[in-house]
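For reference, the chains in residue letters:
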Amino acid sequence: MAQPRIVIIGAGPAGVRAAETLVAAGIRPVVLDEGARDGGQIYRRQPEGFRRSSCELYGTEAERADALHQTFDALKAKIDYRPRHLAWNIFDGQVHTLCEGVADIVPFDALIIASGATDRLMPVKGWEHAGVFSLGASQIALKAQACAIGRRIVFMGTGPLLQLVTAQYIKAGVEVVALLDTSPFSAQVRAAARLASRPDVLMKGLKMVGGLLRSGVAIHRGITPVEIHGDADSGVSGVTVRLAGGKLQRFDCDAVALGYHLRPETQLADLAGCAFDFDDVTRQFMPVIDGDGRASVKGVYLAGDGARTQGADGAEIAGRLAAHAVLADAGIGASAMQMAALRRERERMERFRMGLAAAYPWPHHLAATLSDDTILCRCECVTVGEIRAVATEKGADELNRAKAFSRVGMGRCQGRYCGQAAAEVVAAATGLPLEAVGRLRGQAPVKPLAIRAARQPS
Amino acid sequence: MTGPAREPVRTDVIIVGGGIMGAATAFFLRQRNRSVALIERGLIGQQASGTNFGNVRRQGRFLPQLPLANRSRAIWGRLNQLLGEDAEFLPTGHIRVGYTSEMIDRMETYARDAKAYGLDLEMISGNALRSRYPFFGPEVKGGSYSPVDGHANPRLAAPAFGRAAKRAGAHVFENTEIIRVEKEGEDFRVTSADGRVFRAPVLQISAGAWGNRLSTQFGEPVPIEAHGPQMCVTEPLPYAITPVLGVTTDVPEEIVYMRQVKRGNVVIGGGMRTRPDLDTRRAHVDPANTLSQLHQIKRLVPALDRLSVIRVWSGVEGYMPDDVPVMGLSGKVSGLHYAFGFCGHGFQLGPGVGDVMAELIDTGRTITPIAPFAITRFSQKQEVN
């Protein structure tokens, strides 16, 4: 019998562990990855020629990063590894890829999508100025290229990444003006019991916060973002926030790193036809999966932060579990005992995810407070006021209708960075529950498709 | 939107289907003081009317359709005043080009014949065309230029008609699925899935690709097929290509058309189509079609090679085997009117169809010839067979 054609999209923690599990069962999967090297975002490997140690790059996670990289290096001969391959579409049992301007097709019997997460963003007036980066992008600049996003930086938003990236910039010797967190400290205290489901991670987190406090950087919690100042010529010049006590305060800076925890990258799952469900806790739609990562579409499996933002350790577990599910469904045989142990681990990761969501809540209430002239969709320059107008005056109380009327989410990013905030704006303006406003339907290409890739069909 | 009514809703006219045909008919009926209920299963202009290419093109049409297209073009020119909203209509000109002398000959014949219908077209040879429009590729042998055709935004036009109709007093029911249409005495009785009843002495079915499901209930089935056009749009670039461009060819894969919108993006369509699902109301874009279409667009305008496509989409369009719509009176039931199955070329016609159907309903006749579109052409064929 011919081997089933199993394709993995993504070579981060979930994708690598899935590949490892499949190889151990005698399968040679195709691993498609957009990156030039494996590791994903969290364990991103520096470009060839850079010589920083793992400790410098990954801090307390150096051992885990090394282990993942070594595993993947050992797998390379046993898999069909295709780096720099963007999966731009999934249609009719085939992944459509693009590599350096060349389009290709990869058919599959089973597909594991390990597409990771991107920053969850809430607009703030002025966030379109040059010098505003997402927290994830700020971290990549540092990790990949040893570059800082500015000379004097404000870190604003909430979530574990906010503290981590701030700490990494301080360690790199960059001037950090302030860490401005929308979550009140009390939320973290209330979530402590759930966060204690992973005591080791909680301890690392507390140590990091201790380090931040000792660094002398101004830290404000429970803040409300008001405006990022700047102009078209010189970019960002400062940030104004309302402090927890009510006072307005301005921080001068030349760059801002912004983010409110993460959102799963679900476009590929959407294109594959997977069903989505509304997650009340984090107020976002997420693909439906069973306990092992099976999506609603037969033969499609979702693992890692692209399905549930459980972090890198959770992604490794989810990757293994999804691969076991593939093997079990293909009748190749998977260890029931291993699967049971992985499921238990996964449940612990899920409790921790809930803890993080409570400790660093998505500040959805800000959507109602944004001024009408705040740009929401930066690709298409659509303002909050325009979205409110189509929602209330033209009856576009469903997100795809609001998109059709206002162009929100129609640009290069396909709404990945503004879609959730746009839904919150429509919900706040119409008084409808967010679930009823819906989500932007995914449309190909996942990222811009170079026309030069189109050649005479053979 | 109006909530569920206990009493039947009674109007002069019921229109089932709120695409551009239905919405425009409702609008023009209000101008004639006829009361009207416009009933739409989803949202106004959400299906083919909202997902098409946006061509406001007359040249290349079936010649007997030109009077209707001309009447529609005149309305497009005053659409903004009429509706009080901007549907982004731009009379930029439209150029049809061909790659072979056979196609050029065919366009020349068409240009001669179209003159009789009041459509003036200018034939331009390849080199003259390229000196005027340097973006054309070397394979382009010549073209036919229609100076006052253009394009508009399909996401905006039909909803604008719907809102204007509503402001003018039409009863607009969105998210209302009609499951039964029947004649009871002098009245039509139209029942929605949630049990609401609408009554009127006149009924218009303008339900696009789904039109046959309703016409069949009156014993007038038609051989309609649903197809999904394959559309895509590029990232924005400086506004430079003003006319709408299209390739005339007998090779389906070679068909490609494009327009640049003022904000800079290039909208591209054409080539092969997909089969939509009439029940889920979704049509997909086959990535192979996108790649083939992009290959073809580079033959037309090679410079587009340097751009990227940022989005693809499709929609659900109804096609008739003879490539002309079903429009006009029923052959079997008095008071019953049809306007559906516009075969992927209905967007330009929409305002004119609305105006003509309102005239027909109001006065019992229309000054614009629509006989070739009669639904009876299918029943007659069946009887012959």
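Residues numbered from 1 in each chain as written. Chains lettered and ligands numbered in written order. Predicted model: local features only at pLDDT ≥ 70, side-chain atom pairs only at ≥ 80, totals over all residues. Heavy atoms only, no water.

The next point concerns the nonpolar core. In this structure, Val95 and Met156 of chain A together with Phe136, Met258 and Leu300 of chain B are the most contacted members of the largest nonpolar core, which totals 110 residues. Broken down by element, this core gets its largest block of residues, six residues, from helix 15 (residues 419-430) of chain A. In contact with Met156 of chain A, not counting residues within four places along its chain, are Val124, Leu162, Leu180, Ile223, Pro225, Ile228, Val239, Val241, Ala257, Leu258 and Gly259 of chain A. Counting 53 residues, the second largest nonpolar core, distinct from the first, contains Val36, Ala152, Ala160 and Leu349 of chain B. (Core = buried A, V, L, I, M, F, W, Y, C linked by side-chain atoms within 4.5 Å. Buried < 20%, exposed > 50% of the residue type's maximum accessible area, 1.4 Å probe, protein only. Helix = DSSP H or I, 4+ residues; strand = E, 2+ residues; numbered from the N terminus. Contact = heavy atoms within 4.5 Å.)

Residue and element names in this part refer to chain A. Given a rise of 1.5 Å per residue, 14 residues ought to cover 20 Å, and the 20 Å separating the end C-alpha atoms of helix 3 (residues 62-75) matches this to within 8%. Considered for burial, the residues of helix 3 that qualify are Ala62, Ala65, Leu68, His69, Thr71, Phe72 and Leu75. Buried residues belonging to helix 3 abut helix 1 (13-24), helix 2 (54-58), strand 3 (80-82) and helix 10 (311-329). (Expected span 1.5 Å × (residues − 1).)

Attention now goes to empty space enclosed by the protein. Residue and element names in this part refer to chain A. Inspection of every chain in the model, using the stated rule, returns three cavities of 30 Å³ or more. Here the largest cavity defines a volume of roughly 390 Å³. As for the largest cavity, its lining consists of 27 residues, and the residues nearest its centre are Arg263, Thr266, Gln420, Arg439 and Leu440. Where the lining of the largest cavity is concerned, the elements lending two or more residues are strand 17 (262-264), helix 9 (267-271), strand 18 (276-279), strand 19 (284-287) and helix 15. (1 Å grid on protein atoms, 1.4 Å probe; cavity = no way out; pocket = protein on both sides within 12 Å on 5 of 7 lines; lining within 4 Å. Points joined across faces, edges and corners; volume = space filled by probe spheres on them.)

What follows covers the sheet that holds strand 7 (residues 110-113) of chain A. Sheets are built from strands that pair by backbone hydrogen bonding, the pairs being arranged parallel or antiparallel. Residue and element names in this part refer to chain A. The sheet built from five strands is open, its strands ordered 3-2-1-7-20 with parallel pairing. Two strands bound the open sheet, and with one partner strand each, they are strand 3 and strand 20 (300-302). Going across the sheet, the axis of each strand differs from the next one's by a mean of 15°, ignoring polarity. As paired elements, strand 1 (residues 6-9) and strand 7 share four bridges and run parallel to each other. Following the sheet pairing, Ile6 is matched in strand 7 by Ala110. (Pairing = 2+ DSSP bridges. Axes fitted to C-alpha atoms, helices over the stretch in contact; angles between N-to-C directions.)

With mixed pairing, nine strands are arranged side by side in an open sheet as 23(A)-19(B)-15(B)-18(B)-17(B)-16(B)-5(B)-7(B)-6(B). Both outer strands of the open sheet, strand 23 (449-450) of chain A together with strand 6 (122-125) of chain B, are each paired with one neighbouring strand and no more. As judged from the five bridges shared by strand 5 (residues 94-98) of chain B and strand 7 (residues 142-146) of chain B, these two strands associate in the antiparallel manner. Across the sheet, the residue bridging to Ile95 of chain B is Tyr145 of chain B, located in strand 7 of chain B.

A few words now on the packing of aromatic side chains. Centre distance and the angle of the planes are the two values used to describe a pair of aromatic rings. All chains considered together, the criterion is met by 18 aromatic pairs over all chains. Geometrically, the ring pair formed by Phe27 of chain B and Phe161 of chain B is edge-to-face, given 5.7 Å between the ring centres and 70° between the ring planes. Linking Phe27 of chain B in helix 1 (residues 20-31) with Phe161 of chain B in helix 7 (residues 154-167), this pair joins segments that are 134 residues apart in sequence. Phe161 of chain B gets classed as buried once you look at its relative accessible area, which sits at 0%. Taking the centre distance of 5.8 Å and the plane angle of 80° together, the rings of Phe188 of chain B and Phe218 of chain B count as edge-to-face. Here Phe188 of chain B is found in strand 11 (residues 187-192), whereas its partner Phe218 of chain B is found in the loop between helix 8 (211-215) and strand 14 (225-227), with 30 residues between them in sequence. Just as Phe188 of chain B is buried, Phe218 of chain B falls in that class too. One aromatic cluster in this structure is built from Tyr133, Phe135, Phe136 and Tyr145 of chain B. Arg198 of chain A extends its terminal NZ or CZ atom over the ring of Phe352 of chain A, reaching a point 5.0 Å from the ring centre. (Phe/Tyr/Trp six-rings, centres within 6.5 Å; stacked < 30°, edge-to-face > 60°. Lys NZ or Arg CZ within 6 Å of the ring centre and 35° of its normal.)

What follows is about the interface of chain B and chain A. Of the residues lining the interface, 36 residues belong to chain B; the matching set on chain A comes to 29 residues. In total, chain B and chain A occlude about 2900 Å² of area from one another, counting both sides; carbon and sulfur atoms represent 57% of this. Per-residue buried area on chain B facing chain A is highest for Arg155, Ile310 and Arg311 of chain B; these three make up 22% of the total on that side. The salt bridge involving Lys394 of chain A is made with Glu85 of chain B; its shortest N-O contact spans 3.8 Å. For the pair chain B and chain A, the interface holds 13 residue pairs in polar contact (both at pLDDT 80 or more). Every element with two or more residues in the side of chain B that touches chain A is listed here: helix 7, helix 9 (287-300) and strand 19 (308-313) of chain B. Ranked by residue count, the leading element in the side of chain B that touches chain A is helix 9 of chain B, at eight residues. Taken together, the residues of the side of chain B that touches chain A break down into 16 nonpolar, nine polar and eleven charged. (Buried area = accessible area lost by both parts, 1.4 Å probe. Salt bridge = Lys/Arg side-chain N within 4 Å of Asp/Glu carboxyl O. Polar contact = N/O pair within 3.5 Å; in protein donor to acceptor, adjacent residues only side chain to side chain. Nonpolar A, V, L, I, M, F, W, Y, C, P; charged D, E, K, R; others polar.)

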